[in-house]
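Take a look at the letters that make up each chain.
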Amino acid sequence: MHRIYDAQNELSAATHLTSKLLKEYEKQRFPLCCDDEVMSSTLQQFAKVIDELSSCHAVLSTQLADAMMFPITQFKERDLKEILTLKEVFQIASDDHDMAVNRYSRLSKRRDNEKVKGEVMEDVYTSRKKQHQTMMHYFTALNTLQYKKKMSLLEPLLGYMQAQISFFKLGSENLTQQWEDFLIDIGTSVQNVRREMTGEVDVMQKTIEDMEQANDLLYMPDPDPSLVPVNRNLTRKAGYLNTRNKTGLVSSSWERQYFFTQGGNLMSQARADVAGGLVMDIDNCSVMAVDCEDRRFCFQITSFDGKKVAILQAESRKDCEEWIATINNISKRIYLSENPEEIAARVNQSALEAVTPSPSFQQRHESMRPSTQGRPPAARASSVSSAGSETASPAPSVLYLDALVAPNTPIQFDIISPVSEEDAGQAKAAGLGRRTNPFGESGGKPAEESEGSILHQLFIARFLGCMEVKNADSSDVIYETMRQILAARAIHNIFRMTESHLLVTCECLKLIDPQTQVTRLRFPLSSMVLCAAHQENKRLFGFVLQTAEGRVDGQPIIVCYIFESNNDGEKICDSVGLAKQIAFHSEMDRKATEKKKEQDKAKEKQQEELSKQKQIEKDLEEQSRLIAAFSRPTPLATGTDGQSLVLSNSQSEDSDAGVEGREKGESEA
């Protein structure tokens, strides 16, 4: 019953608080809620009804306290407490009586103890009387408690039921007739809202299905650029990027943040931040794609003064190219115009036309040499053929593009894989007919080359591209190849560059994967005919490889490779030149050593011939000595019967011939 009373008090307080909150609803502002006067007035009416309900619950709480809690509390605190007190008094009286009886039982038979005997008997009388009186009061209270227990159980229940009946009567009389129509209207409104919600949910579900089908390609982290085109006309962009933060001299960490452009500024905001902060001013900045060792789709932003650099990573190649194009458009201040996207489209189209390579040097320098227009074709051909001897004159104004790079020559922008690159690029460009290792390591004896080489220099280089050229007479072919490859990269928006370690040795040049240490490409120094760095951008360098094999017509294959380095390109070219000089001197020393070995072999062979001749002369002398010894008079031989025998000349000659044959056979052996 105490729990019922507490619950009723809590219900009354909660109902009153609900009414209070409903009255204050119109003063609250929710993020997704608009000002609805109908909803506010309806809630005000509900607040009135609930306030009356709160009053009814308060009356019920008072009735429960008076009719239910008071009788049972009085029974617990008065009647039960009295019984417990009488029980304790009866227990004390019983103990005193027991003690008095025990003293009386131990009295002695002597007459001198009459006084003590009288005192003990008086104690027994007093304690027994007190015990009897206490027992009668205690038993009377116990008999009375049986009736009080019944009343204490029935009166609270009766009060509880009477309070509930009066509560329901009060609600039925005051609330049912007054608010029945209102509740019916509210129920109808709720049903209408439910139907509207069901219809809206169906429409939204259909819209979601259509958007899922239309944007299925965008769910991929790296969608196909041919199916999802890159928008290069943006002047505003926002999205999540990973930014690289240096944690030490060589270590770094990546942090995911929300980046957005605001005017000419690049802003970033962490997940827990309230507002974004300035990263850098991107007016007149430079942006380019970079290759990071541990991340893909990275690009670098450098401020206009070069003092601040930010390396960011996008989620996909499309996102990376859009960020680069957007920052390029912002750096040109296109966002300040009235129609920035249209102007950005025109600027990008103009840039595309500007970087398109011209078909020949002749068209590019037609205005610079008016006297050559009237020359016959033979004269122009002779000038092209003698271009190598006219290096002192302005050669680019005389050479043709067709004399350097074949028209419509395909360009290779990336190293596909170690195996395919060795098969297709190395065997074709370097003219090597050896068998390659399918695991990427070059065949033959690479360990011997690396261990026996005098020169070992390692550089970091990024492969820009390679293409076949027509001749390698001067460095102009490298400059023209650089121009065409960079222009093609700008046209096709190719920003990825494969970073490798360029190892320069006395035998070859190797492109090594920095992570797996697998040789991607190998360029023999014997086939390298030219190496040069760019005149203005010293980080660009290239070299030309020429082989006498590979074509049906017997013409050599000439391929030009272009790289970008972190160091000065001229240093790499100097290292290549030093390697060629060391290789040349090593080859000369090797030839001299081989020539000396051949001379030593010839001397040994001559000594063998002389020793053979001396042996033959010695054998002839020995033979002549034996012949002289056999030509002396022969003594008579004695037979078995005592008679003398004379050897004939034929027998003597046969014996001489046999001896001579044996000696000749022994000498030959």
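Bear in mind that the values here come from a model prediction, so they are computed numbers and not experimental data.

A. Quick peek at the overall build of the protein chain. What the protein chain contains, in helices and strands, is 12 helices and 16 strands. Within the protein chain, the fraction of its 669 residues that count as buried is 32%. When contacts within the protein chain are restricted to residue pairs at least 6 apart in sequence, those whose partners lie at least 24 apart make up 62%. Entry remark: accessible area of the protein chain is about 43,500 Å², with carbon and sulfur atoms responsible for 55%.

B. Broad picture of the pairing of strand β1 (residues 238-246). Pairing of β1 with strand β2 (residues 252-262), which is carried by 9 bridges, proceeds in the antiparallel orientation. Bridge pairing in β2 links Y240 to Y258. Taken together, β1 and the strand that follows it, β2, pair antiparallel across an intervening segment of 5 residues.

C. Here's a closer look at the sheet that holds strand β4 (residues 277-281). Ordered in space as β4-β3-β2-β1-β7-β6-β5, the 7 strands form an open sheet in which the pairing is antiparallel. Both outer strands of the open sheet, β4 and β5 (286-290), are each paired with one neighbouring strand and no more. Strand-to-strand twist of the sheet, defined as the mean angle between neighbouring strand axes without regard to direction, takes the value 40 degrees. In terms of strand pairing, β5 meets strand β6 (residues 298-302) through 5 bridges, oriented antiparallel. Within β6, the residue paired with V290 across the bridge is C298. Set on the sheet, helix α4 (residues 317-331) makes contact with β1, β2, β3 (265-269), β5 and β6; between it and β6 the angle comes to about 15 degrees.

D. Spatial organisation of the packing of helix α1 (residues 2-23) against helix α2 (residues 37-105). Put simply, α1 and α2 touch, their axes get as near as 8 Å, and they point 160 degrees apart. Taken together, the axes of α1 and α2 are roughly antiparallel relative to one another. The way α1 lies across α2 gives a crossing that is left-handed.

E. Expanded view of the environment of Y160. Within the secondary structure layout, Y160 lies in helix α3 (residues 114-214). Taking the relative accessible area as the measure of exposure, Y160 reaches 24% and is therefore partly exposed. C-alpha of Y160 to C-alpha of M69: the two residues are 91 residues apart in sequence and 8.9 Å apart in space. Discounting residues that sit within four places of it in the chain, Y160 has contacts with I4, L64 and M68.

F. Here's a closer look at the side chain of T481. For T481, the position within the fold is in helix α10 (residues 476-492). When near neighbours in sequence (up to four residues on either side) are disregarded, T481 contacts V405, M467, V469, C560 and I562.

G. Representation of the pattern of salt bridges in the model. Evaluated as defined, the whole model comprises 19 salt bridges. In this structure, R539 engages E564 in a salt bridge whose closest nitrogen and oxygen atoms are separated by 3.7 Å. With R539 in the loop between β12 (528-533) and β13 (540-547) and E564 in strand β14 (residues 557-565), this pair connects stretches of sequence that are 25 residues apart. Under the relative-accessibility criterion, E564 is labelled buried at 11%. Here R590 and E594 are joined by a salt bridge, their closest N and O atoms 2.5 Å apart. You can see R590 and its partner E594 sitting in helix α11 (residues 569-630), 4 residues apart, about one turn around the helix. A residue is classified by how much of its surface remains accessible, and R590, at 37% relative accessible area, is partly exposed.

H. Summary view of unusual backbone geometry. Phi angles above zero are rare outside glycine, and F297 is one such case at about 55 degrees. For F297, the position within the fold is in the loop between β5 and β6. Overall, the relative accessible area of 14% leaves F297 in the buried class. Its identity as a non-glycine residue notwithstanding, R333 has a phi of 60 degrees, on the positive side. Within the secondary structure, R333 is located in the loop between α4 and α5 (340-354).

I. Spatial organisation of the packing of aromatic side chains. Inspection of the entire model under this criterion finds 14 aromatic pairs. In this structure an aromatic cluster arises from ring pairing among F463, F523, F541, F543, Y561 and F563.

J. Quick peek at the nonpolar core. Core analysis: the largest hydrophobic core is formed by 28 residues, its most contacted members being L502, L509, F523, F541, F543 and Y561. Among the elements of the structure, β8 (457-469), β9 (498-504), β10 (508-512), β11 (519-524), β12, β13, β14 and α11 are those that each provide at least two residues to this core. Among all residues touching F543, those that are not within four sequence positions of it are I478, L509, F523, M528, L530, C531, V559, C560, Y561 and F563. F297, F299, A310 and L312 belong to the second largest nonpolar core, which has 21 residues in total.

K. Molecular detail of a negative patch on the surface. Together, D600, E604, E608 and E609 give the surface a local cluster of negative charge. Summarising the element assignment, E609 is placed in helix α11. For E609, a relative accessible area of 48% translates into the label partly exposed.

L. Broad picture of the sheet that holds β9. One open sheet holds the 7 strands; their spatial order is β11-β10-β9-β8-β14-β13-β12, and the pairing between them is antiparallel. Each having just a single partner strand, β11 and β12 make up the two edges of the open sheet. Looking at each pair of strands side by side, their axes are set apart by 30 degrees on average, direction ignored. As defined by bridge partners, β12 adjoins β13 across 5 bridges and the pair is classed as antiparallel. Within β13, the position partnered with A533 by the bridge is F541.

What counts, and at which threshold
- Residues numbered from 1 in each chain as written.
- Predicted model: local features only at pLDDT ≥ 70, side-chain atom pairs only at ≥ 80, totals over all residues.
- Heavy atoms only, no water.
- Helix = DSSP H or I, 4+ residues; strand = E, 2+ residues; numbered from the N terminus.
- Buried < 20%, exposed > 50% of the residue type's maximum accessible area, 1.4 Å probe, protein only.
- Contact = heavy atoms within 4.5 Å.
- Areas by Shrake-Rupley, 256 points an atom, 1.4 Å probe, with all protein chains shown as cover.
- Pairing = 2+ DSSP bridges.
- Axes fitted to C-alpha atoms, helices over the stretch in contact; angles between N-to-C directions.
- Parallel < 35°, antiparallel > 145°, perpendicular 65-115°, else oblique.
- Left-handed = near helix turned anticlockwise from the far one by under 90°.
- Salt bridge = Lys/Arg side-chain N within 4 Å of Asp/Glu carboxyl O.
- Phe/Tyr/Trp six-rings, centres within 6.5 Å; stacked < 30°, edge-to-face > 60°.
- Core = buried A, V, L, I, M, F, W, Y, C linked by side-chain atoms within 4.5 Å.
- Patch = residues over 30% accessible without salt bridge, like charges linked within 9 Å, V, L, I, M, F, W, Y side chains within 5 Å.
- Lys, Arg positive; Asp, Glu negative; His and termini not counted.
- Charge placed at Lys NZ, Arg CZ, Asp CG, Glu CD.

Distances and angles like these do not, on their own, reveal function.
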